[in-house]
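Spelled out from the first residue to the last, the chains are:
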Protein chains: 2
Amino acid sequence: MAITDVECCEEQHVHTDITDKAKKDMPGEDELYDLAELFKIFGDSTRIKILFALFEEEMCVCDIADTLNMTQSAISHQLRILKQSKLVGNRREGKSVIYFLADDHVRTIIDQGLNHIEE
Amino acid sequence: MAITDVECCEEQHVHTDITDKAKKDMPGEDELYDLAELFKIFGDSTRIKILFALFEEEMCVCDIADTLNMTQSAISHQLRILKQSKLVGNRREGKSVIYFLADDHVRTIIDQGLNHIEE
DNA sequence: TTAACATATGAACAATCATTCATATGTTCA
DNA sequence: TGAACATATGAATGATTGTTCATATGTTAA
């Protein structure tokens, strides 16, 4: 057990058997960062609402804005974020652009969140 | 179909059959807000790391700080948030305070996130 | 009680972010 | 081609937030 610098408490008192194991099993920085970034996407009620709307059916931007009673611009900005995270996909259909859920992870993640809320 | 005000696109073009259904099935504001708040907790890599550390075993604040190589103050502030969200619990044990995972939802939610990342 | 240790917390600061506004891009139809 | 519609986007702004620093609270042992 190396005594390199001062911790919050005396280094001697750190339970290195536990912390060593925790450090060893900790995922890499990149994975942890990506994971946090993913959850950050769900951490905004506008985006959550958009996802709930798309649970029903695919929709154009205009319909989503109407459903949430928000401006087209605000929705478009958020859709861009959702698309970058591969949570939604889109396709152009004439003048409209149709957005849809990319996969079923979204549903599962949100359902787990609801479970926690409703306990 | 009421024509009350101007939407992003002409009100006439909104697919009210779809938007009405989406509006009807949308959870209440409070629930959506709580859900977003919950995911916001997971949307920070420091808190994610703390949760991963606690996956291994319960730990005192000092050990968590050592595991993450961060200051005691930063960890304590984040533990407060995690506790408020009922994601972790704690108990005092002498001079130390031991933190632990509150329930298994945490694991499930993070696992689902990892699934999405690793695809 | 005092000293040392462990944790919590308030204030301040920098960074991040959601929305708005103005405008640009892209599509269709006459 | 031009006009109308639908969506995207850059800049600006107000609000939120993670960390640091200083310090307070709480616990133990001498």
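In this report, we go over the structure that sits alongside the text. (Residues numbered from 1 in each chain as written. Chains lettered and ligands numbered in written order. Predicted model: local features only at pLDDT ≥ 70, side-chain atom pairs only at ≥ 80, totals over all residues. Heavy atoms only, no water.)

A closer look at the overall build of chain A
The condition is simple: Each helix corresponds to a stretch of at least 4 residues labelled H or I by DSSP, and each strand to a stretch of at least 2 residues labelled E; elements are numbered beginning at the N terminus. Exposed residues in this analysis have more than 50% of their type's maximum accessible area, buried residues have under 20%, and partly exposed residues fall in between, with area computed by a 1.4 Å probe over protein chains only. With residues, only the protein chains shown are counted as cover, and all accessible areas are computed by Shrake-Rupley using a 1.4 Å probe.
If you tally the helices and strands in chain A, you get 6 helices and 3 strands. Counting from the amino terminus, helix and strand elements in chain A follow one another as α-α-α-β-α-α-β-β-α. Out of the 119 residues belonging to chain A, those deemed buried represent 47%. In the form shown here, chain A has an accessible surface area of approximately 6,300 Å², with 46% of it arising from carbon and sulfur atoms.

Remarks on the interface of chain A and chain B
For clarity, the cut-off: Two residues form a contact once any of their heavy atoms are found within 4.5 Å. Once two parts are brought into contact, the accessible area they lose, counted with a 1.4 Å probe and summed over both, makes up the buried area. Just to be clear on terms, a salt bridge is a Lys or Arg side-chain nitrogen sitting within 4 Å of an Asp or Glu carboxyl oxygen.
In this complex, chain A contributes 57 residues to the contact, which on the side of chain B involves 57 residues. When the two sides are added together, the surface that chain A and chain B hide from each other amounts to roughly 5,200 Å², 69% of it contributed by carbon and sulfur. Considering only the surface of chain A that becomes buried against chain B, A:Phe39, A:Asp66 and A:His116 emerge as the three largest contributors, covering 12% of it. In this structure, the connection of chain A to chain B is made through 6 salt bridges. Residues A:Glu29 and B:Lys49 are paired through a salt bridge, measuring 2.8 Å at the closest nitrogen-oxygen approach.

Observations regarding the relation of the copies chain A and chain B
Short version of the rule: Copies overlap after least-squares fitting; the atoms used are the C-alpha atoms of residues with pLDDT of at least 70 in both.
Laying chain A over chain B is done by rotating through 180 degrees and shifting 0.0 Å along the axis; what remains is an RMSD of 0.0 Å. Taken together, the turn and the small shift mark the pair as related by a two-fold rotation axis. Take the interface residues of chain A: 100% of them recur as interface residues in chain B, which is what a same-surface contact looks like.

Observations concerning the packing of aromatic side chains
The condition is simple: When two rings of Phe, Tyr or Trp (its six-membered ring) have centres within 6.5 Å they constitute a pair, described as stacked for plane angles under 30 degrees, edge-to-face for angles over 60, and tilted for the intermediate range.
Overall, the coordinates contain 5 aromatic pairs over all chains when judged by the stated rule. Seen in terms of ring centroids, A:Phe39 and B:Phe42 are 5.2 Å apart; in terms of plane orientation they differ by 45 degrees. Their pairing is tilted. Of this pair, A:Phe39 sits in helix 2 (residues 29-42) while B:Phe42 sits in helix 2 (residues 29-42), which puts the two residues in different chains. Relative accessible area serves as the criterion here: at 0%, A:Phe39 is assigned to the buried category.

Focus: the sheet that holds strand 1 (residues 59-60) of chain B
Residues and elements named next belong to chain B. What counts is decided by this rule: When DSSP finds two or more bridges between a pair of strands, those strands are recorded as paired. Axis definition: a line fitted to C-alpha atoms, over the contacting stretch in the case of helices. Angles run 0 to 180 degrees between N-to-C directions.
Strands sit in the order 1-3-2 across an open sheet of 3 strands; the sheet is antiparallel. Each edge of the open sheet carries a strand with a single partner, namely strand 1 and strand 2 (88-93). Bridge count between strand 1 and strand 3 (residues 96-101): 2 bridges; the pairing is antiparallel. Residue pairing across strands places Met 59 opposite Tyr 99, the latter belonging to strand 3. Packing of helix 3 (residues 45-56) onto the sheet brings it into contact with strand 1, strand 2 and strand 3, and relative to strand 3 it is tilted by some 90 degrees.

Section: the packing of helix 2 of chain A against helix 6 (residues 105-117) of chain B
As a reminder, the rule being used: Here the angle decides the label: under 35 degrees means roughly parallel, over 145 means roughly antiparallel, 65 to 115 means roughly perpendicular, and every other value means oblique. As a working rule, the residues Ala, Val, Leu, Ile, Met, Phe, Trp, Tyr, Cys and Pro are called nonpolar, Asp, Glu, Lys and Arg charged, and the rest polar, with Gly in that last group.
Where helix 2 of chain A contacts helix 6 of chain B, the axes come no closer than 10 Å and their chain directions differ by 105 degrees. In terms of axis orientation, helix 2 of chain A runs roughly perpendicular to helix 6 of chain B. Taken together, the residues of helix 6 of chain B that come into contact with helix 2 of chain A (itself represented by A:Glu31, A:Asp34, A:Leu35, A:Leu38 and A:Phe39) are B:Ile109, B:Ile110, B:Gly113, B:Leu114, B:His116 and B:Ile117. Of the residues assigned to the contact of helix 2 of chain A with helix 6 of chain B, the class counts are 7 nonpolar, 2 polar and 2 charged.

Considerations on unusual backbone geometry
The phi dihedral of A:Asn69 falls on the positive side, at around 55 degrees, and the residue is not glycine. Topologically, A:Asn69 is positioned in the loop between helix 4 (61-68) and helix 5 (72-84).

Remarks on the pairing of strand 3 of chain B
Residue and element names in this part refer to chain B. As paired elements, strand 2 and strand 3 share 6 bridges and run antiparallel to each other. Bridge pairing in strand 3 links Val 88 to Leu 101. Between strand 2 and strand 3, which pair antiparallel in sequence order, lie 2 residues; one of them, Gly 94, sits at a positive phi of approximately 70 degrees.

Some points on the pattern of salt bridges
Two side chains that carry opposite charge are able to pair once their charged atoms sit near each other. Residues and elements named next belong to chain A. Under the definition given, this model contains 16 salt bridges over all chains. Linking Asp 25 and Lys 24 is a salt bridge whose minimum nitrogen-to-oxygen distance equals 3.2 Å. On the accessibility criterion, Asp 25 (34% relative accessible area) is partly exposed. By relative accessible area, Lys 24 is classed as exposed at 66%.

Digging into the sheet that holds strand 3 (residues 96-101) of chain A
Strand order across the open sheet formed by 3 strands is 1-3-2 (chain A), with antiparallel pairing between neighbours. The sheet is open, and its two borders are formed by strand 1 (59-60) and strand 2 (88-93) of chain A, each paired with just one other strand.

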